[in-house]
Each structure stands twice: as structure tokens, then as C-alpha cells.
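One letter stands for each residue in the lines below.
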Amino acid sequence: MRKYSSEQQEKQMVKKIICNRCGKEISAENGIRTEGVFSVDFRWEYPADKDGERHQFDLCESCYDRMTAEFVVPVEME
Ligand SMILES: [Zn+2]
């Protein structure tokens, strides 16, 4: 979840990011975040039941680690 510096939303710089899973606030100075964030902005398409829905969320690094630790097949890394 992203909090912007004005009501004009996405045209403005991100002021802080809130982890959707744990609620941790990650501040962003001049649009530059102070720690790692996993950001998802995904639009579902046919044949998904969610066809046409845009889903957005942010996770802090430790919540990302918890989420991926549940994967049967590990994340591919370079
Ligand atoms: Zn978190």
C-alpha cells in the first residue's frame, strides 16, 4: 500500500509504503525508499476469475521471505 504526498496520487512521489501483510511502514525520502520492498502491480486477464481486476500490494523484505519460504519450488535467483 502506498501513501502519496498529495491527493493527486500516482503523479506524486511516494511518501511512505505500508507492508500489506504486517503493516510495517517504510518511509521514502524524496521518493527513495529506505529499505527493500517487494511491489506487485498485476492486472488479471482472461481466463482468470479475476479477469480485468488490477491488484496492487507491497511487502517488506521479511514478509517477502516468509511468503517465499512457503514455496514448494524455490524462487529462482541470479
Ligand atoms: Zn511486512
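Residues numbered from 1 in each chain as written. Predicted model: local features only at pLDDT ≥ 70, side-chain atom pairs only at ≥ 80, totals over all residues. Heavy atoms only, no water.

- By the naming in an unreviewed UniProt entry, the protein goes by Ribosomal-protein-alanine N-acetyltransferase and is assigned to Hespellia stercorisuis DSM 15480.

Some thoughts on the nonpolar core
In a soluble, globular protein the nonpolar side chains are often hidden away together inside.
Here is step 1: Core analysis: the largest hydrophobic core is formed by 10 residues, namely Tyr4, Val14, Ile17, Cys19, Ile26, Ala28, Val37, Leu59, Cys60 and Cys63.
Here is step 2: Discounting residues that sit within four places of it in the chain, alanine 28 has contacts with Val14, Lys15, Lys16 and Arg33. (Core = buried A, V, L, I, M, F, W, Y, C linked by side-chain atoms within 4.5 Å. Buried < 20%, exposed > 50% of the residue type's maximum accessible area, 1.4 Å probe, protein only. Contact = heavy atoms within 4.5 Å.)

Digging into unusual backbone geometry
Here is step 1: Going from tyrosine 46 to proline 47, the amide bond is cis rather than trans, its omega being 10°.
Here is step 2: In this structure, proline 47 sits in the loop between strand E5 (37-43) and strand E6 (54-60). (Helix = DSSP H or I, 4+ residues; strand = E, 2+ residues; numbered from the N terminus.)

Here we look at the environment of leucine 59
Here is step 1: Among the secondary structure elements, leucine 59 is positioned in strand E6.
Here is step 2: Looking at leucine 59, the relative accessible area reads 6%, which means it is buried.
Here is step 3: Placed 22 residues apart in sequence, leucine 59 and valine 37 show a C-alpha to C-alpha distance of 5.8 Å.

Topic: the side chain of aspartate 58
Here is step 1: The topology assignment puts aspartate 58 in strand E6.
Here is step 2: Within polar-contact distance, the side chain of aspartate 58 engages the side chain of arginine 2 at 2.9 Å.
Here is step 3: Ignoring anything within four residues of it in the chain, the contact list for aspartate 58 reads Met1, Arg2, Ile17, Ile18, Cys19, Asn20, Val37, Phe38 and Ser39. (Polar contact = N/O pair within 3.5 Å; in protein donor to acceptor, adjacent residues only side chain to side chain.)

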